[in-house]
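Here is how the chains run, residue by residue.
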Amino acid sequence: MRLTRTRLIAGIGSVVTTAALTATMVGQAQAGQQNAGERASATTETTDNTGDRQSTAPDFLEPSELPADEHTTWFAGDATAGLPDLPVFCFEGLLPEDGAWHRDFATDLDTGARQVVIDAGDSGDAAELAGTLEEAAADCAAGWLRDEPGAVAGWDDHGPVTDAGDSAHVYAVYTAPQEAGTNIALFGVGRTGDVVTLVQWGQMGSLGDAPAGDFADSLATALDRLAP
């Protein structure tokens, strides 16, 4: 079992780090489209997990605000009340259902993204949750390796994002299962007031393939949209 850790000297630093989970995000985002032939324009309707319309969805990122990919276009599913159906990789059991919304994003390739928003109802509770999620992101590679003997994983701490909400931090994680491909993920954890957001980006690749700077801009934009 090997664990590597690197730190970048400069730069601010998915999101799902297995190909299977990235494919799930792609499928969920595709299913949320109003028209499969109009992927370049995302629907902004909101639904809860039972299909009822809601009017209190937070202001999520738009596809154009995610790191650009010259080979394809981002599209998005609906903003949906509650947590995703599958546990969020590296954050299993840490995201509260109460006050949660999420939105999935995808491309025609293997790249996927997700934003989860939690209204904690109190700035102190929000700060505690953000701290817990940051710790989980930092421990993600080591935790994954404990259940994957013979695999390889690594991580970068891209540090805080300045002038973004009350707190914002970006991490990169890569995982390489034994006899399988390598997957890279970026995790952005941020807080503004009572609200915490987790932004994830992921695709096949290595740490050097992660668009950390552009992703940090996406996290900052997400917090600007959620600011009270």
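Given the structure is predicted, the values throughout are model-derived calculations rather than measurements. (Residues numbered from 1 in each chain as written. Predicted model: local features only at pLDDT ≥ 70, side-chain atom pairs only at ≥ 80, totals over all residues. Heavy atoms only, no water.)

Asker: Would you mind going over the pattern of salt bridges with me for this structure?
Answerer: Where side chains of opposite charge bring their charged atoms close, a pairing between them can arise. Within the structure shown, the criterion is met by five salt bridges. The shortest N-O distance in the salt bridge between Asp104 and Arg114 comes to 2.5 Å. Here the residue Asp104 occupies a position in strand β5 (residues 100–106), and Arg114 occupies one in strand β6 (residues 112–119), the gap between them amounting to ten residues. Each member of the pair, Asp104 as well as Arg114, is classed as buried. Here Arg191 ties to Asp166 by a salt bridge, and the two come within 3.6 Å at their closest N and O atoms. (Salt bridge = Lys/Arg side-chain N within 4 Å of Asp/Glu carboxyl O. Helix = DSSP H or I, 4+ residues; strand = E, 2+ residues; numbered from the N terminus. Buried < 20%, exposed > 50% of the residue type's maximum accessible area, 1.4 Å probe, protein only.)

Asker: Any chance you could explain the nonpolar core here in plain terms?
Answerer: Burial of nonpolar side chains together is a common tendency in soluble globular proteins. Among the nonpolar cores identified, the biggest contains 29 residues, and Phe91, Leu95, Leu133, Phe187 and Leu198 are the most heavily contacted of them. Among the elements of the structure, β6, α2 (123–146), β7 (152–160), β8 (167–176), β9 (183–192) and β10 (195–204) are those that each provide at least two residues to this core. The element best represented in this core is α2, accounting for ten residues. Here Leu198 is in contact with Val88, Phe91, Leu95, Arg114, Gln115, Val116, Gly188 and Val189, once residues within four sequence places are set aside. Judged by nonpolar contacts, the second largest core, of 27 residues, contains Val161, Ala164, Trp201 and Ala216. (Core = buried A, V, L, I, M, F, W, Y, C linked by side-chain atoms within 4.5 Å. Contact = heavy atoms within 4.5 Å.)

All quantities given are derived from atomic positions and should not be read as evidence of function.
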